[in-house]
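Structural overview for review
Now for the letters of each chain:
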Amino acid sequence: MTMKTITMITAALLLVMVCSCNRSSRQEEGDKPVAGEAGTVAGEAGTVAGEAGMNTLTDQEKSEGWELLFDGKTADGWRNFNEGTLTGWEVSEGCLLGLGLGGDIGGDIVSEEEYENFILTWEWKLGPHGNSGVMYHVVEGEQYQAPYETGPEYQLIEDDDFRDAEGNPYPLEEWQKTAADYAMYVPDEDKKQVNVRDWNSSKIVFTGDRAEYWLNGEEVVEFVPWSEDWYERRNSGKWDDYPDYGLARKGHLSLQDHGSKVWFRNIKIKKLK
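The structure presented is a predicted model; accordingly, all values stated were derived computationally and were not measured. Residue numbers here run from 1 along each chain, matching the order of that chain's written sequence. In view of the model being predicted, local features appear only for residues whose pLDDT reaches at least 70, and side-chain atom pairs are presented and counted only at 80 or more, with totals across whole chains, interfaces and linings using the full set of residues. Processing note: side-chain calculations cover all non-hydrogen atoms of the structure and skip hydrogens and water entirely.

Glancing now at the pattern of salt bridges. Salt bridges, as used here, are contacts in which a Lys or Arg side-chain nitrogen is within 4 Å of a carboxyl oxygen on Asp or Glu. Counting across every chain of the model gives 16 salt bridges. Lys 268 is paired through a salt bridge with Glu 61; the nearest N and O atoms lie 3.1 Å apart. Residue Lys 268 is located in strand E13 (residues 262-272), and its partner Glu 61 is located in helix H2 (residues 59-64); the two are separated by 207 residues in the primary sequence. Arg 210 is the salt-bridge partner of Glu 219, the closest N and O atoms lying 3.1 Å from each other. On the basis of relative accessibility, which here comes to 16%, the residue Glu 219 falls in the buried class. For every residue, the accessible area obtained with a 1.4 Å probe (protein chains only) is divided by the maximum for its type, and the residue is called buried under 20%, exposed over 50%, and partly exposed between those limits. Assessed through its relative accessible area of 33%, Arg 210 is described here as partly exposed. The network of salt bridges with shared partners includes Glu 158, Asp 161, Arg 163 and Arg 197. Note on conventions: DSSP H or I runs of at least 4 residues are helices, E runs of at least 2 residues are strands, and numbering of each starts at the N terminus.

Structure (structure tokens):
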């Protein structure tokens, strides 16, 4: 074998080894998940959805009877409380955005449809020092000025840095904090975790026999609606000025604008019997 032949064979072997290493490296990189490539679709599990599953229903959710309450493109199906139009809210980057123009009275919106027993899931994010909430069984009429006069509220608020209208720190009672059944039942702080000024996932499961409030995959509140304990809390003084609070067995959903920006997305509901 000549020296030229030996040199050619050696070069060929080196080329094969390099190609093999490159293929192995590419295969290993391909096996690694790409950040943001896929996310978990929010549903009964209460996890935050990835971009691919935003404001949509999966085939399984459709077959199970879930309905989409916000499609990420329009605010169809929502209007101001006691009104026929929608103001103070807009659709922005796939979110239903409350602009922070509301207050104790005014700014809240309601669903066109009414609901009785249901599973409701949604994702939300508050602006700085934010205050909002999600209400249900809301009743409209000239005798009512705000949804909270009739509808129980899943509270959304910046627990540790809430400010009053003048911008001063405002310490909250436990019944005022995020995931509380406002002024009724306090959340389990051992299970509660809030992503401050970032996205969170919440869920309400409501039937006449049991109500559950979930936050980021954990059940943090449970109670029996219209039970003896429930009536004791209701009649303890907070709701004296609102005699119809919590009595309706069916009503609208409501999203609250209480003077600070709030973002909602991936709002879904499943009716229960």
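Having seen the structure, we can now continue with the description.
Right, let's get into the sheet that holds strand E8 (residues 153-157). Strand pairing is defined by DSSP finding a minimum of two bridges between the two strands. In space, the 5 strands of this open sheet follow the order E2-E5-E12-E7-E8, with antiparallel pairing throughout. Looking at which strands have only one partner, the edges of the open sheet turn out to be strand E2 (78-80) and E8. Ignoring which end each strand starts from, the neighbouring axes of this sheet average 25 degrees apart. Where strand E5 (residues 109-115) meets strand E12 (residues 251-255), 4 bridges bridge the pair, whose relative direction is antiparallel. Paired with Val 110 across the bridge in E12 is Ser 254. Fitting a line to C-alpha atoms yields each axis, with helices limited to the stretch in contact; the angle taken between N-to-C directions then spans 0 to 180 degrees.

Bringing the packing of aromatic side chains into the picture now. Only the six-membered ring of Trp is used, alongside the rings of Phe and Tyr, when aromatic pairs are assigned; centres must lie within 6.5 Å, and planes under 30 degrees apart are stacked while those over 60 apart are edge-to-face, with the rest tilted. Summed over all chains, the structure comprises 17 aromatic pairs. Considering the side-chain rings of Tyr 213 and Phe 223, the 5.8 Å spacing of their centres and the 80 degrees angle between planes classify their relative orientation as edge-to-face. Taken together, the residues Tyr 213 in strand E10 (residues 211-215) and Phe 223 in strand E11 (residues 218-223) connect sequence positions 10 residues apart. Among the aromatic residues, those joined into a ring-pair cluster are Tyr 148, Trp 175, Tyr 182, Trp 230, Tyr 231, Trp 239, Tyr 242 and Tyr 245. A ring is considered to have a charge above it if a Lys NZ or an Arg CZ atom is located within 6 Å of its centre and within 35 degrees of its normal. Residue placement shows Arg 265 over the ring face of Trp 199; its charged tip is 3.7 Å from the ring centre.

Counting residues in hydrophobic clusters, the biggest one holds 39 residues, and the most contacted among them are Leu 120, Trp 122, Leu 255, Phe 264 and Ile 267. Throughout, a residue-residue contact means that at least one pair of heavy atoms, one from each residue, lies within 4.5 Å. Leave out the neighbours within four places in its chain, and Ile 267 touches Glu 67, Leu 68, Leu 69, Phe 70, Trp 78, Leu 120, Thr 121, Trp 122 and Leu 255. Throughout, nonpolar core names a set of buried Ala, Val, Leu, Ile, Met, Phe, Trp, Tyr and Cys residues whose side chains join them through atoms within 4.5 Å. With 7 residues, the next largest nonpolar core counts Phe 81, Val 110, Tyr 144 and Ala 146 among its residues.

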